[in-house]
Amino acid sequence: MGRWPVPATGSVAVSDSDPPDEPPGFTAEPAVKPVAKEFTVSPPEASLRPLMNSFYEGKKVAVTGGLGLIGSFLCEELVARGAQVILIDDESKGSWKYIGGLKGQVEYRQADIADPKAAVDSVAGAEYVFHLASRAYGVGFSQKNNFEMFRFNDLVNTNALDAIAANKPQQALVVSSSCVYTDEGPTPMSDCQPISGEPERVNWGYGWAKRILEQKALIYQKETGIPISVVRPFNIYGEHYNWVGDSSQAIPMLTKRLLDGENPMVIWGTGNQRRNYIHGLDCARIMLQIVENGYFERPVNLGREETVSVKELVQRLAELAGIKTELVCDRTKPEGRFIKSADSKLLMAALGDNFDWKISLGEGLKRMIDWYRQTFSDKS
Ligand SMILES: NC(=O)c1ccc[n+]([C@@H]2O[C@H](COP(=O)([O-])OP(=O)(O)OC[C@H]3O[C@@H](n4cnc5c(N)ncnc54)[C@H](O)[C@@H]3O)[C@@H](O)[C@H]2O)c1
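Bear in mind the structure is a predicted one, so any value in this text is a computation, not a measurement.

J.: I'd like a description of the overall build of the protein, backed by residues and values.
T.: When its secondary structure is counted, the protein shows ten helices and 16 strands. Looking at the 380 residues of the protein, the share that counts as buried comes to 50%.

See the structure below:
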């Protein structure tokens, strides 16, 4: 672990995330496959238990990386839906600090899934597996540590897939990233086309580990018969965030620096780079909906087409927080691809009426600000 960033408090890095050529199962048409399951309309009394969901209720669901940003929202949603949650994490980045309420509501299996046996044991008994564990940091760290980002994430992903194959859950979902896309590809980034070219430069090693995860998942799915969906989230943000100094992700880092009183705010690159941002809770809900509805035969984008520039983002944050701040752009720092916009037609077509983003960017930023102020009240 020596060189890895560790959760701590501390400039802005913007972090984010096709299968190579024709992968097995690649079809020209968007496809969500139904799995052998009952997809029933909830009985009327279900409306009396609005947090319960007939699909996950009573089911054993394992989440690797459950203490992380997305994993913590996923576990909370699963608990709210009555699932028996197995939360797996090694606490290398995630922590219980901001989600203590989950303790006692989940079965915690502390495990480092870089160890193959620990990985297999950790998901034992699960009917559904969501694999989220990874080491992902801001572009500053990522672009200087490509080999380690590749090696470690590939190892963890391989172990997670082995654990899925060994335990044979009814279904699994593994998390890739928009970093698999090239810097030069078309905008918006489409999941309906195979990708040709290298993954985005600032996340070269991490992007390759994710591409290989996608490919392995498709092959495993074919060979084991276990439906394994692959999602490619774009930029996810939200409360519960465990800061890792300079290697933290954009929105949590910008919120912290703004509310901690930094002025002028220094932002990396030109500040004109555009991203789409999804709140972690929306990301978690969509993942749950995918598994509930069936499974994707190939990777699917989990992101929006509309984008906002980093400068605009900081301005919105400052407005919402009621803080006046000056912006300075540090052009010596990396900024990644100019526009990262997601084509979400495949996702929308598959989820149909069940598809929606519940949390707008404005609302999500407000949640972030309120949470930061409540959690670190001495800084407000
Ligand atoms: N957050 C984003 O913007 C984003 C975008 C695209 C893809 N993703 C992917 O989504 C997934 C979840 O992302 P996140 O933002 O919640 O990440 P995160 O860093 O907040 O959480 C990852 C969790 O995995 C745990 N972990 C790391 N190595 C482990 C190991 N060897 N064994 C067990 N646990 C381990 C960490 O402690 C942490 O709690 C990751 O696979 C990430 O690559 C995230």
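J.: Give me the lowdown on unusual backbone geometry, citing residues and values where you can.
T.: That bond from Thr 187 to Pro 188 is cis: its omega, -5 degrees, falls within 30 degrees of zero. Its place among the elements puts Pro 188 in the loop between strand S6 (171-175) and helix H5 (204-224). Cis geometry marks the peptide bond from Asn 263 to Pro 264, where omega comes out at 5 degrees. Position of Pro 264 among the secondary structure elements: in the loop between helix H6 (250-259) and strand S9 (265-268). Phi at Glu 91 is positive, roughly 60 degrees, even though this residue is not glycine. The phi torsion at Lys 168 lies on the positive side, around 45 degrees, for a residue other than glycine. Here Lys 168 shows up in the loop between helix H4 (146-167) and S6. Residue Lys 168 is classed as partly exposed on the basis of its C-beta count, with 13 C-beta atoms lying within 10 Å.

J.: If you had to explain the nonpolar core to someone new, which residues and values would you point to?
T.: Residues Val 61, Val 63 and Met 287 are the most contacted members of the largest nonpolar core, which totals 100 residues. At eight residues, helix H7 (residues 280-293) tops the list of elements feeding residues into this core. With residues near it in sequence (within four places) discarded, Met 287 still touches Leu 74, Phe 130, Leu 173 and Val 231.

J.: An account of the sheet that holds strand S2 (residues 60-64) is needed here, citing residue identities and associated values.
T.: Pairing within the open sheet is parallel, and its seven strands lie in the order S4-S3-S2-S5-S6-S7-S13. Since the sheet does not close on itself, it has two edges, and those belong to strand S4 (107-110) and strand S13 (300-302), each with one partner. The sheet shows a mean angle of 20 degrees between the axes of neighbouring strands, taken without regard to direction. Sheet topology places S2 next to strand S3 (residues 84-89); five bridges connect them, and they run parallel. Across the sheet, the residue bridging to Val 63 is Leu 87, located in S3. Each of strand S5 (128-131), S6, strand S7 (228-233) and S13 is contacted by H7, which is oriented at about 155 degrees to S7, the strand it contacts most.

J.: Describe the sheet that holds strand S14 (residues 308-309), listing the residues and the values that go with them.
T.: Read from one edge to the other, the open sheet built from three strands follows the order S14-S10-S16, with strand pairing classed as mixed. Sheet topology places S14 and strand S16 (339-340) at the edges, where each strand pairs with a single neighbour. Direction of pairing for strand S10 (residues 274-275) relative to S14: antiparallel, over a ladder of two bridges. Bridge pairing links Arg 275 to Val 308 in S14.

J.: So what's going on with the pairing of S5? Which residues, and what values?
T.: Side chains Tyr 128 and Phe 130 project from S5 onto one buried face, and the interleaved Val 129 and His 131 project onto a second face that is buried too. Here four bridges tie S2 to S5, and the two strands are oriented parallel to one another. Following the sheet pairing, Thr 64 is matched in S5 by His 131.

J.: A description of helix H10 (residues 361-375) should follow, citing residues and the corresponding values.
T.: Here H10 spans 21 Å end to end across 15 residues, near enough to the 21 Å set by a 1.5 Å rise per residue. Along H10, the residues classified as buried are Leu 361, Gly 364, Leu 365, Met 368, Ile 369 and Tyr 372. Down the axis of H10, the buried set is contained in an arc of 140 degrees. They therefore lie on one face. Of the exposed residues in H10, those oriented more than 90 degrees away from the buried face are Gly 362, Glu 363 and Gln 374. Buried-residue contacts for H10 involve strand S8 (235-237), H6, strand S11 (277-279), S14 and helix H8 (310-321).

J.: Go over the packing of helix H1 (residues 69-80) against H7 with me, naming the residues and quoting the values.
T.: As a packed pair, H1 and H7 sit with axes 8 Å apart at the nearest point and diverge in direction by 60 degrees. Comparing the axis directions of H1 and H7 gives the class oblique. Where H1 crosses over H7, the handedness of that crossing is right-handed. On the side of H1, the interface is formed by Leu 69, Ile 70, Phe 73, Leu 74 and Glu 77, while H7 contributes Gly 280, Leu 281, Cys 283, Ala 284, Arg 285, Met 287 and Leu 288.

Cut-off values and rules
- Residues numbered from 1 in each chain as written.
- Predicted model: local features only at pLDDT ≥ 70, side-chain atom pairs only at ≥ 80, totals over all residues.
- Helix = DSSP H or I, 4+ residues; strand = E, 2+ residues; numbered from the N terminus.
- Buried ≥ 20, exposed ≤ 12 C-beta atoms within 10 Å, placed from the backbone.
- Core = buried A, V, L, I, M, F, W, Y, C linked by C-beta atoms within 7 Å.
- Contact = placed C-beta atoms within 7 Å.
- Pairing = 2+ DSSP bridges.
- Axes fitted to C-alpha atoms, helices over the stretch in contact; angles between N-to-C directions.
- Expected span 1.5 Å × (residues − 1).
- Arc of directions from axis to C-beta.
- Parallel < 35°, antiparallel > 145°, perpendicular 65-115°, else oblique.
- Left-handed = near helix turned anticlockwise from the far one by under 90°.

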